[in-house]
Each structure stands twice: as C-alpha cells, then as structure tokens.
Amino acid sequence: MADSLPKCRLCKVNDADQTGSHIVPHFLVKHIDNEEGKKGRDKELGAKITADDTVPYFGKSILPEKLEEFLGNEKLEELLDSQQGYQSDFIVDHILCSDCEKKLAALESYYSKIHANHENQDYTTSSDKVLATLFWYSILWRISVASTFIFKMNERDEKKIRRILNNYLEIDLSTTLQKPIDSDLDSIHYRLIRCPEYSDDNPVNFVASPLHNRPYSIMIGEVGTFFYLKKSHANSNNQMFFGFEEFIDDASLNSHSLGENVKVISNDELDEVNIHTYKLLRDQKFKNAGIWLREIQNRLHSIGKVLTNEMAKEIFEKWRNSKSPFGIRHSKNEFLQITMEVIKQRIH
Ligand SMILES: [Zn+2]
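Note that the structure is a prediction, hence the values are computed from the model and not measured.

Looking now at the overall build of the protein. A tally of helices and strands in the protein yields 15 helices and ten strands. With 348 residues in all, the protein has 37% of them scored as buried. Taking the contacts inside the protein whose residues are at least 6 apart along the sequence as the reference set, 70% of them involve residues at least 24 apart.

Here's what the structure looks like:
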C-alpha cells in the first residue's frame, strides 16, 4: 500500500493526491514567453529572493542563449545540470486534492485572460469583482501554505483565507458567483501595482518575505501585490516595500464590492524598485556573509591555516563590486566562490 497522503490543505477532506501544483500561476512569473507558437509552463525565468540569498530559477524549455545572457556563460552548464531544483519552489506536490486543484485552475484560467488586457495608465480590470479578489488571495494563501517559501501569514489569517477560498471556489465559476457574500469575504481588500509588459524584456523578481506583513506584500514579477485582511488595516500606514510604497497611496483599494483597479507604473519606476530591492537585500546579505566567513575561518583554523583580515577585506571588496549577471550577483554561491579563489591564491 502506498504511503498515506496528507489531507488537502484547502478542503481538508480529500487526500492531497495532486502533484505538480503551481504555487504562483505561470502567467505571472513568466519572464520570456515569446517563442512563436509555443505555450508552456516551463519557461519561468527570474530570481527568487529570500531573506538571505538570491536564487535564480527557470523552467525546462527556456532557450539556452537567453539563460546565458541571464546567468553568464560559466554558470550555465552547472545550472542546466541541476535545473530541476530551481523549479521546485514554484511547483509542489501533495498540498491539494485534484478537485481543489481544478477549482484553482478554473479561476486561474479565467483571470489569465483578463490579466492579458491592460493599458499604459491606471486601469480597471474587466474581471468579475468577486473572482478577482479570490484569484489574488488564492495566490497569497498558496505561497503561505507551501513550505517552499519563507513567507508565512499568521495562523489566524491563513485560516481565514482558507475558509474564504474553500467556501467560494467551485469548478464551475458561475456557481461561485451565486453564493451570498459573507463577512469574511466582505472584510478583505487588496491593492495592485503593475508595470505592464515589463517582464517581456526584463528579468523579474519574486519577493516573498515574512518581514513584509503590514500589509502582506509580495512582488510577483511585474506586479506588486498588497493584502489587507481587515478593513481597518487598509487605511493605516503601509510598511516600506522596496520603494513600492511610494505608489501605494495612489493605488485604489480593491475588493469584492469596489472592483479591481490597477495602478500602473513605468519601466523606469519598476527599475528603481528592482534596484532598491537589490540594494536592501545585498545589505542584508553582507550581514549574513560575515557569518559565512567566520565559519570558513574556523574551519581553516582547525587545519592550521589562517584567513587574515586583509583577505577578508579583499573577499568583501570583490563581492561588493561584482559585475556578475543579474541572476547570480551577490548570491551566497558567488560569495563562496570568491572566497575559494582568494584562499587558493593566498593560502598555501
Ligand atoms: Zn481539496
């Protein structure tokens, strides 16, 4: 007999028999999807940024020359060998049952068509208000329950969103729309800030960190998403979020009753946000790098070798000034590589 499966995180009734569930719908994390006539779910490209590292991720069918541009020549081969691991954060097994997966797929399929339509200035989506709200909250919930990201809602909030999704989602969306609005659904709001088509030509980031919880803020490619689980929260000050906060006050509050408006920002403005993101995370990583280096120093010490302060300075200098391609710059891996180079040159 097969190992017993956990229960589906959404309905809590059926076994979580579904494999290959996408945590974030493909159309939101795609970087390049312009191969003529080809549609697929295996072409994500970008960097997943966590509290202490930058991890490039990409799908299976991405063109090698695009990857090379993104990661640099040297890394390409190594990464191609181990690409399976890069995808796994966005695709997980056994958190949903196949019924719940179908419900989410119906919602995604509906919303992806709406999302494709946009304008170059703030716009109102043509989506049904209830379905749009459920769509964005379904992503927040999935990111929180999938253990692949360090982002986590508090327990009470996670339960509330599960309750809403479980109450409302149906494979047939017209059934969803016939349900009366309950107080849970009535209380949640969100804001969206988007730079349309930015991800067609630029690498995008996925940032989901537990530090950004007032409101819950997640950067999903070219879209900044902000979630307010209580009405009162929507009117209080927004926490900093890589410069996105500059635009939040101009972004309409969205909900099942207010509808969905999207605040549009320019390429330059999202560039600014991305640069800001990298600077902040680099600073955080510099703090962590001190810890990584001490570990290496201890290890060297145990075999009678010394990594001097001067060498440490050299390592940090090289890392700080790295001009590596976007996907690996200032990653832990790069730090360790530079450290190894310096050790090889200086310690005999
Ligand atoms: Zn289920």
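Glancing now at the packing of helix 14 (residues 309-320) against helix 15 (residues 332-346). Packing of helix 14 against helix 15 brings their axes to within 9 Å, and their N-to-C directions diverge by 140 degrees. Compared by their axis directions, helix 14 and helix 15 come out oblique. Taken as a pair, helix 14 and helix 15 cross one another with a handedness that is right-handed. Contacts between helix 14 and helix 15 pair M311, E314, I315, K318 and W319 from the former with E334, F335, I338, T339, V342 and R346 from the latter. Looking at the contact of helix 14 with helix 15, its residues break down into six nonpolar, one polar and four charged.

What follows concerns the packing of helix 5 (residues 98-116) against helix 6 (residues 129-145). To characterise two packed helices, one gives the angle between the axes of the helices and the distance between these axes. Between helix 5 and helix 6, the shortest axis-to-axis distance is 10 Å and the interhelical angle comes to 115 degrees. Where helix 5 crosses over helix 6, the handedness of that crossing is left-handed. Residues L104, L107, Y110 and Y111 of helix 5 lie in contact with helix 6, whose contacting residues are L131, A132, L134, F135 and S138. For the contact of helix 5 with helix 6, the per-class residue count stands at eight nonpolar, one polar and no charged.

Look at any regular strand and the pattern is simple: side chains alternate between the two faces of the sheet. Burial analysis of strand 6 (residues 189-194) places six of its six residues in the buried class, the great majority of the element. Side chains H189, R191 and I193 of strand 6 all project onto a buried face; the interleaved residues Y190, L192 and R194 project onto the opposite face, where all are buried too. Alignment of strand 6 against strand 9 (residues 223-228), held across six bridges, turns out to be antiparallel. Looking across to strand 9, one finds that Y190 is bridged to F227.

As a further point, take helix 6. The terminal C-alpha atoms of helix 6 lie 24 Å apart, and with 17 residues this matches the ideal 24 Å at 1.5 Å per residue to within 8%. With respect to burial, helix 6 is a largely interior element, 14 of its 17 residues being buried.

One finds Y137, L140, I143, L165 and I218 to be the most contacted residues of the largest nonpolar core, which totals 62 residues. The dominant element in this core, judged by the number of residues it contributes, is helix 6, at ten residues. In contact with L165, other than residues within four places in its own chain, are L10, L134, Y137, S138 and W141.

Turning our attention to the environment of A234. Relative to the helices and strands, A234 is located in helix 11 (residues 231-234). For the pair formed by A234 and Y190, sequence separation is 44 residues and the distance between their alpha carbons is 8.1 Å. Once residues within four sequence positions are removed from consideration, A234 is found in contact with H189, Y228 and L253.

Close reading of the predicted structure is inappropriate where its pLDDT is low. Scored by pLDDT, the protein comes out at a mean of 82, with 81% of its residues at no less than 70. Within the protein, helix 4 (residues 83-87) has the poorest average pLDDT of any element, 43, and helix 7 (residues 155-168) the best, 98. For residues 32-44, every residue scores under 50 in pLDDT, and the model assigns this stretch 23 contacts once sequence neighbours within four places are set aside. Confidence drops under pLDDT 50 across residues 57-63; counting only partners more than four residues distant or on other chains, this segment forms 25 contacts.

Let's shift gears to the pairing of strand 7 (residues 204-213). Sheet analysis places strand 7 next to strand 8 (residues 216-220), joined by four bridges and oriented antiparallel. When the sheet's bridge partners are listed, N213 is paired in strand 8 with Y216. Hairpin connection from strand 7 to strand 8: two residues lie between these consecutive antiparallel strands.

What follows concerns helix 7. Here helix 7 is 14 residues long and its end C-alpha atoms lie 20 Å apart, about the 20 Å a rise of 1.5 Å per residue gives. Considered for burial, the residues of helix 7 that qualify are K160, I161, I164, L165 and Y168. Here the buried residues of helix 7 occupy an arc of 130 degrees about the axis, which is enough to place them on one side. Exposed side of helix 7, more than 90 degrees from the buried face: E155, R156 and K159 are the residues found there. Against helix 6, helix 8 (173-177) and helix 9 (183-187) lie the buried residues of helix 7.

This part takes up unusual backbone geometry. Between R214 and P215 the backbone carries a cis peptide bond, its omega angle lying at 0 degrees. Mapped onto the secondary structure, P215 falls in the loop between strand 7 and strand 8. Phi at H94 takes a positive value of approximately 55 degrees, unusual for a residue other than glycine. Turning to its location among the elements, H94 is positioned in the loop between strand 4 (91-92) and helix 5. If you check the backbone angles, E197 has positive phi at about 70 degrees while not being a glycine. With respect to the helices, strands and loops of the structure, E197 is situated in the loop between strand 6 and helix 10 (198-201). The class of E197 is exposed, set by 12 C-beta atoms lying within 10 Å.

What counts, and at which threshold
- Residues numbered from 1 in each chain as written.
- Predicted model: local features only at pLDDT ≥ 70, side-chain atom pairs only at ≥ 80, totals over all residues.
- Helix = DSSP H or I, 4+ residues; strand = E, 2+ residues; numbered from the N terminus.
- Buried ≥ 20, exposed ≤ 12 C-beta atoms within 10 Å, placed from the backbone.
- Contact = placed C-beta atoms within 7 Å.
- Axes fitted to C-alpha atoms, helices over the stretch in contact; angles between N-to-C directions.
- Parallel < 35°, antiparallel > 145°, perpendicular 65-115°, else oblique.
- Left-handed = near helix turned anticlockwise from the far one by under 90°.
- Nonpolar A, V, L, I, M, F, W, Y, C, P; charged D, E, K, R; others polar.
- Pairing = 2+ DSSP bridges.
- Expected span 1.5 Å × (residues − 1).
- Core = buried A, V, L, I, M, F, W, Y, C linked by C-beta atoms within 7 Å.
- pLDDT = per-residue confidence, 0-100.
- Arc of directions from axis to C-beta.

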